[in-house]
Amino acid sequence: MNTSSPKPSAKATQSGKRNRTAVPDDRAVNRSRKVRSPLPYTDLQPEAWRDYPDILTDSLWVFPGRERQNGHQLDYHGNCIPQILTQLLTRFTCVNDVVLDLFAGSGTAIIEAANLHRRAIGVELKPDMVQRVQDKLQQQGKTPHATLICADSSNLNTTSLAIQQALQAFNASLAQFVFLHPPYDDIIRFSDDPNDLSNASNTQDFLDGFERVCQQAFNALQSGHFAALVIGDKYAASEWVPLGFMCLQRMNAAGFKTKSIIVKNISGNEQGKGRTNNLWRYRALKGGFYLFKHEYVMLFQKP
Ligand SMILES: C[S@@+](CC[C@H](N)C(=O)[O-])C[C@H]1O[C@@H](n2cnc3c(N)ncnc32)[C@H](O)[C@@H]1O
């Protein structure tokens, strides 16, 4: 959806700090107001690529730290860094578009969508997190731009209906971008709720539940638009479990076309360091494996 509203700035940087050089200059903004992007899903204009120095186009993303400004904080074990959303939303959505996050958690995507003048619908299973995100949005005066739904994203009946109603309240029938940051199987147990994907009895059940969420995403997304999946692998019974690629296959099974597999360094979420790091280094050397220092940002398009 294109509107005549002012264009958001491409404001995130890899250092996690706001950088004035990242903001397109007035010349670029004026040009973009006169000339609409030829791409239906973005305000960016490929011909003006020189004006977007901080929009990443390579498949290796290295962020030295987490952005902690503009409403973002490290307040949830398992949340993602906001710069992922800044990159994705700036590149793959337009001002006023509707962003659907089916694992909203502490609301990183919802807050960044509001920062960038997008609207957002977040679905999250845990009522306390839904309340926390609503409180944050209220404190920041962003409530008109976002709707939170406390529900199971894998439910293709009642939750689909609730998403439809939220879209209608925004005068929309479909979302223009979907963000998926599911539990990485059982790596972090988020709750005791049996519908929580981190409580699946085994990896196969986790993947089956995840595929229903992929279907939810596919049904709610406008054709030609993008979905992103943030996921990491896991290690179990002395074996590397390629969760990322397993989830990618489930996205494809739901109908999505794979556009990119981005490898991103894990940073900004570490809780303990020092001695624990040494212990893991010892275990890696002894066990013949490598320690996880990356996760994936996988990009898909609905045909
Ligand atoms: C990796 S976290 C997402 C973190 C989020 N991106 C953030 O930055 O805060 C995964 C979230 O999915 C939620 N979740 C797990 N199963 C779910 C389900 N079936 N439906 C909706 N949410 C679910 C968990 O409660 C958890 O908050």
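What comes next concerns the included structure. (Residues numbered from 1 in each chain as written. Predicted model: local features only at pLDDT ≥ 70, side-chain atom pairs only at ≥ 80, totals over all residues. Heavy atoms only, no water.)

## Here we look at the overall build of the protein
- Within the protein, the secondary structure is distributed over 8 helices and 10 strands.
- Among the 303 residues that make up the protein, the fraction classed as buried is 52%.
- Put simply, the protein shows about 14300 Å² of open surface, and 50% of that area lies on carbon and sulfur atoms. (Helix = DSSP H or I, 4+ residues; strand = E, 2+ residues; numbered from the N terminus. Buried < 20%, exposed > 50% of the residue type's maximum accessible area, 1.4 Å probe, protein only. Areas by Shrake-Rupley, 256 points an atom, 1.4 Å probe, with all protein chains shown as cover.)

## Structural notes on the site of the ligand
- In the vicinity of the ligand there are 24 residues, among which Tyr 76, Ser 106, Thr 108, Glu 124 and Asp 152 approach most closely.
- Leu 197 has a polar backbone atom sitting 3.0 Å from a nitrogen atom of the ligand.
- Relative to its free-state accessible area of 600 Å², the ligand is covered by the protein chains to the extent of 99%. (Near = heavy atom within 4 Å. Polar contact = N/O pair within 3.5 Å; in protein donor to acceptor, adjacent residues only side chain to side chain.)

## Examining the pairing of strand S10 (residues 294-301)
- Of all the 8 residues making up S10, 7 are buried; the element is thus mostly covered by neighbouring parts of the structure.
- Relative to S10, strand S6 (residues 221-231) is paired through 6 bridges, and the arrangement is antiparallel. Each bridged residue has a counterpart across the sheet, and for Phe 226 the counterpart in S10 is Gln 301.
- Pairing of strand S9 (residues 257-265) with S10, which is carried by 8 bridges, proceeds in the antiparallel orientation. Across the sheet, Ile 261 pairs through a bridge with Met 298, a residue of S10. (Pairing = 2+ DSSP bridges.)

## Remarks on the pattern of salt bridges
- For the structure on display, the rule yields 7 salt bridges.
- Residues Asp 75 and Lys 136 are paired through a salt bridge, measuring 2.9 Å at the closest nitrogen-oxygen approach. Of this pair, Asp 75 sits in the loop between strand S1 (60-61) and helix H2 (82-92) while Lys 136 sits in helix H4 (residues 127-139), and the two are 61 residues apart along the sequence.
- On the accessibility criterion, Asp 75 (22% relative accessible area) is partly exposed. (Salt bridge = Lys/Arg side-chain N within 4 Å of Asp/Glu carboxyl O.)

## Examining the sheet that holds S9
- Within the open sheet, the 8 strands sit side by side as S1-S9-S10-S6-S5-S2-S3-S4. Their pairing is mixed. At either margin of the open sheet sits one strand with a lone partner, and together these are S1 and strand S4 (146-150).
- Where strand S3 (residues 119-124) meets S4, 5 bridges bridge the pair, whose relative direction is parallel. Within S4, the position partnered with Val 123 by the bridge is Ile 149.
- Lying on the sheet, helix H3 (residues 108-115) is in contact with strand S2 (98-101), S3, S4 and strand S5 (175-180); it crosses S3 at an angle near 175°.
- Lying over the sheet, helix H6 (residues 203-220) contacts S2, S5 and S6, oriented at roughly 150° with respect to S6. (Contact = heavy atoms within 4.5 Å. Axes fitted to C-alpha atoms, helices over the stretch in contact; angles between N-to-C directions.)

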